[in-house]
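A structural walkthrough
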Amino acid sequence: MTPTDTTTGTSTDTSTGAAASTGSDGPADPGTGTRAGTGGDASAGPGPSNGTHPSPGTAPTVGSGGESVGGVEPAGDGAARTAPALRFTGVSKRFRDGTVALVDTDLTVHPGEFVSIVGPSGCGKSTLLRLASGLDAVTDGTMDVASRNVGYVFQDATLLPWRTVRANVGLLAELEHLSRAERARRVAETISLVGLDGFERHLPHELSGGMRMRASLARSLVLDPSIFLFDEPFGALDEMTRERLNDELLRMFVLRRFAALFITHSVAEAVFLSTRVVVMSGRPGRVKADVPVPFGYPRAPELRYSPEFAALCGQVSAHLRSE
Amino acid sequence: MAASTASVPAGTTTSDAVAAPSTTRTPTGAGAGSAPVTDPGGIAPSGAPPTPGRGGSSRRRAGLVSLVVLPAAVFAVFVGIWYWVSDGVLNEQQRFMLPPPHEVVRIGFLDWTNFTSMMSALKLTCEVTFAGLAISMVLGVAVAIAMSQARWIEHSLYPWAVVVQTVPILALTPVLSFFFGFALTSRIIVSFFPIVSNTLFGLQSVDRSMHELFSLHHTNRWTRLWKLQLPAALPSMFNGFRNAAGLSVIGAIVGEFYFKQGDPGLGTNLSVFTSRLEGERLWATTLTASLLGVAVFVFFGWLARRVVGRWYQPDRG
Ligand SMILES: Nc1ncnc2c1ncn2[C@@H]1O[C@H](COP(=O)(O)OP(=O)(O)OP(=O)(O)O)[C@@H](O)[C@H]1O
Ligand SMILES: [Mg+2]
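Residues numbered from 1 in each chain as written. Chains lettered and ligands numbered in written order. Predicted model: local features only at pLDDT ≥ 70, side-chain atom pairs only at ≥ 80, totals over all residues. Heavy atoms only, no water.

Looking now at the overall build of chain B. Assigned secondary structure in chain B consists of 13 helices and zero strands. Along its sequence from the N terminus, chain B presents helices and strands in the succession α-α-α-α-α-α-α-α-α-α-α-α-α. Counting across all 317 residues of chain B, residues that qualify as buried make up 41%. Considering only residue pairs separated by 6 or more positions, chain B has 69% of its internal contacts joining residues 24 or more positions apart. If you sum the accessible surface of chain B, you get close to 16800 Å²; carbon and sulfur atoms cover 70% of it. (Helix = DSSP H or I, 4+ residues; strand = E, 2+ residues; numbered from the N terminus. Buried < 20%, exposed > 50% of the residue type's maximum accessible area, 1.4 Å probe, protein only. Contact = heavy atoms within 4.5 Å. Areas by Shrake-Rupley, 256 points an atom, 1.4 Å probe, with all protein chains shown as cover.)

What follows is the structure in structure tokens.
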């Protein structure tokens, strides 16, 4: 599985650079240009996914590691298909106080892939995301991002308490200087997408935790990011809310086709969402196992109760436990 | 409550719209407890559109009892003690120190000449207080913003802001007044520090993840200040304004008391009445001065609720 990734990674090394340069105009004006590709994916997305129906039975066919990505990815844009959206090569991170959070970490996320990371607390998962988002710099190794249009969802909703839901959802679009009309259009569309219709004028403190998280998701979705980073976004929610939001997140994933890197403490959540679950070892963190999840999209909520699902969860848990 | 509201699927959320505001009632009601001046119903309507009336009036009546009746009872006790001291403890010669309340009211407030002279003194003190406070607010917020922009500015200015606060103002006032004019100096000095420190605290209290969100989108410092830090600082800024306003009143009166110059303010009169042993007018002026302080305090509390009450719930941390 990992070898497959590595080979694809090296072969597309140059194209990554190209993608990065074209992608760089993404954040400057997310309304135009490069992200047309993503838009195309979005419309094409539901098409191929019809083929891979909820039935987990189709699993073994796409079980051949990294190739499963290609299976889910809509055929068409060949370059986007092979160039990794995000790639860590031999990345280490040492903080100024000497704490080593990551050593020699390799991880590749392809477009259209949903990769979850599980690992013991303090193993450097958040650090990995901070590196990917550019909030922190790597100490060693290289980190490539194909697009700078990156969405980041924090553990808490981090909404501005004085802004209404609508104004909060529009915040990032505002920071990226989208025109007022474009902003209004996207905000309205995204609020519907996350199911917050009718709450546009509410303030964050008038919402439940789950609704606040929806607003937080919407805020990032407005910019239609091609890479989405999630740092335990649903960790503070109860089980029922979390599962509902998982279902909806997948719906958005199928619709928008971003590459996702998702951190969680819940093995079931990781397996349910992902095309791959990466298990990290305790501090200093490194990738310990890389478990492909063979289920196609869209995934029905009932998948959680299938024996295949349980078996996979067991497999991931076993990796987690074997220190 | 979080679970029930959130787990409703997208389609049915509209039915939930009615339930959501009712959950917000609870924090609002609780909020009244921490701020005694607050009318419990005062904040609610803005945030919660379809508030059902159920139970509202009885709760309102309970609020009225605790907000009006209890302070009134304390006031009655206070007046009682006043009479007791004035009539029972002090003898005829000492009574000028604390004349009975009705005499204070009759001579101090109901005598037209006395009343108008007190009102003009009040007006003067108010002008001085608010002019000083306004300058202090502008300067204080500006200094706090400057400090929030760079560590070195904070480190070079903050100690001096502390010094300005701790310096014995009365001793300095004549000197400073020589340069800047007497009237404003003491008020600005007294009210400067609470504004600076509270505003700075507010500007720096923004969550790290909020800052990171802005950093991810390469926000420049002015946008960050305008869209994130200043709004976030408003509650503590207003807290600073309120404390500063109270101090300005005291500063104005104490300043006038010791450095009588120009037209008489409340403080000037206090000093004059003390020396003339005019107990009734002294006490009437004292009461007026404290009422001014209370009014200023209440006003800024009200203003803060107007500006940030809709989203800022102190209980919620
Ligand atoms: N700015 C920093 N300076 C020094 N050490 C840090 C810093 N940030 C994180 N660390 C350390 O790096 C290690 C990894 O931290 P990180 O937040 O990435 O863990 P995590 O896997 O996200 O944990 P959790 O699951 O609890 O969120 C921890 O030991 C932490 O103490
Ligand atoms: Mg973490």
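The next point concerns the environment of Ser-226 of chain A. Residues and elements named next belong to chain A. Along the polypeptide, Ser-226 turns up in the loop between α12 (209–221) and β6 (227–231). Judged by its relative accessible area of 18%, Ser-226 is buried. Expressed as a C-alpha distance, the spacing of Ser-226 and Ser-147, which sit 79 residues apart in the sequence, is 6.8 Å. Polar contacts involving the side chain of Ser-226 include one to the side chain of Ser-147, which spans 2.9 Å. (Polar contact = N/O pair within 3.5 Å; in protein donor to acceptor, adjacent residues only side chain to side chain.)

This next bit is on the sheet that holds strand β4 (residues 140–145) of chain A. All names here are of chain A. If you trace the three strands from one edge of the open sheet to the other, you get β2-β1-β4, paired in antiparallel fashion. The sheet is open, and its two borders are formed by β2 (100–109) and β4, each paired with just one other strand. Along the sheet, successive strands turn relative to each other by an average axial angle of 20 degrees, direction set aside. Bridge analysis of strand β1 (residues 86–94) against β4 gives five bridges, and the strand direction is antiparallel. Within β4, the residue paired with Arg-87 across the bridge is Asp-144. Sitting on the sheet, helix α8 (residues 125–133) touches β1, β2 and β4, and the angle it makes with β1 is about 120 degrees. (Pairing = 2+ DSSP bridges. Axes fitted to C-alpha atoms, helices over the stretch in contact; angles between N-to-C directions.)

On to the confidence of the model for chain B, then. Confidence in the prediction for chain B averages 77 pLDDT; 74% of positions are at 70 or higher. Low confidence marks residues 1–54 of chain B, where pLDDT is under 50. Its contacts with residues over four positions away, or in another chain, come to 68 contacts. (pLDDT = per-residue confidence, 0-100.)

On to the sheet that holds β6 of chain A, then. Residue and element names in this part refer to chain A. Ordered by their spatial adjacency, six strands build an open sheet running β5-β6-β7-β3-β8-β9, and the pairing between neighbours is mixed. Because the sheet does not close on itself, it has two edges, and the strands there are β5 (150–153) and β9 (287–292). Between one strand and the next, the sheet's axes are offset by a mean angle of 15 degrees, whatever the strand orientation. The pairing of β5 with β6 spans four bridges and is parallel. If you follow Tyr-152 over to β6, its bridge partner there is Leu-229. Along the sheet, helix α15 (residues 307–321) contacts β3 (114–118), β8 (276–280) and β9; its crossing angle with β9, the most-contacted strand, is approximately 175 degrees.

A few words now on a nonpolar patch on the surface. There is a patch of nonpolar side chains on the surface, built from Leu-64, Val-65, Leu-67, Val-68, Val-69 and Leu-70 of chain B and spanning about 500 Å² of accessible area. Leu-70 of chain B gets classed as partly exposed once you look at its relative accessible area, which sits at 49%. (Patch = residues over 30% accessible without salt bridge, like charges linked within 9 Å, V, L, I, M, F, W, Y side chains within 5 Å. Salt bridge = Lys/Arg side-chain N within 4 Å of Asp/Glu carboxyl O.)

What follows covers the packing of aromatic side chains. If you walk through the whole model with that rule in mind, you get 22 aromatic pairs over all chains. Taking 6.4 Å as the distance between ring centres and 35 degrees as the angle between the ring planes, the aromatic pair formed by Phe-75 of chain B and Phe-78 of chain B counts as tilted. Placement of the pair is Phe-75 of chain B and Phe-78 of chain B together in helix α4 (residues 56–89), with a separation of three residues, close to one helical turn. On the basis of an interplanar angle of 70 degrees and a centroid distance of 6.0 Å, the ring pair of Trp-311 of chain B and Tyr-312 of chain B is categorised as edge-to-face. Owing to a relative accessible area of 11%, Trp-311 of chain B belongs among the buried residues under this scheme. Ring pairs connect the aromatic residues Phe-114, Phe-228, Phe-230, Phe-234, Phe-253, Phe-258, Phe-262 and Tyr-297 of chain A, which therefore count as one cluster. A cation over a ring is seen here: Arg-257 of chain A above Phe-253 of chain A, with NZ or CZ 5.0 Å from the ring centre. Here Arg-299 of chain A stacks its cationic end above the ring of Tyr-297 of chain A, 4.2 Å away from the centre of that ring. (Phe/Tyr/Trp six-rings, centres within 6.5 Å; stacked < 30°, edge-to-face > 60°. Lys NZ or Arg CZ within 6 Å of the ring centre and 35° of its normal.)

Residues and elements named next belong to chain A. Under the 1.5 Å per step criterion, the end-to-end length of α12 is 18 Å for 13 residues, consistent within 8% with the ideal 18 Å. Counting buried residues along α12, 11 of its 13 residues qualify, which places the element largely inside the surrounding structure. By the burial criterion, the buried members of α12 are Gly-210, Met-211, Met-213, Arg-214, Ala-215, Ser-216, Leu-217, Ala-218, Arg-219, Ser-220 and Leu-221. (Expected span 1.5 Å × (residues − 1).)

All names here are of chain A. Taken together, 14 residues lie around ligand 1, and Ser-121, Gly-122, Lys-125, Ser-126 and Thr-127 are the ones closest in. Interatomic distance of 2.5 Å between a side-chain N/O atom of Ser-121 and an oxygen atom of ligand 1. Interatomic distance of 2.8 Å between a backbone N/O atom of Gly-122 and an oxygen atom of ligand 1. For ligand 1, whose unbound accessible area comes to 640 Å², protein coverage reaches 66%. By residue class, the composition of the shell around ligand 1 is three nonpolar, seven polar and four charged. (Near = heavy atom within 4 Å. Nonpolar A, V, L, I, M, F, W, Y, C, P; charged D, E, K, R; others polar.)

Before going further, it helps to examine the state of the cysteines. Residues and elements named next belong to chain A. Counting across every chain of the model gives zero disulfides over all chains. Just so you know, Cys-123 is unpaired, no disulfide at all, and the nearest cysteine sulfur is the one on Cys-313, 18 Å from it. By relative accessible area, which is 0% here, Cys-123 ends up buried. (Disulfide = S-S within 2.5 Å.)

Attention shifts here to the nonpolar core. Counting 94 residues, the largest nonpolar core has Leu-229, Phe-230, Leu-249, Leu-261 and Val-271 of chain A as the members making the most contacts within it. Both domains that furnish three or more residues to this core are identified here as domain 1 (35–149 + 224–323) and domain 2 (162–218) of chain A. Counting residues in each nonpolar core, the second largest holds 41 residues, with Ile-145, Met-147, Phe-192 and Phe-273 of chain B among its members. (Core = buried A, V, L, I, M, F, W, Y, C linked by side-chain atoms within 4.5 Å. Domains from an automatic or database assignment.)

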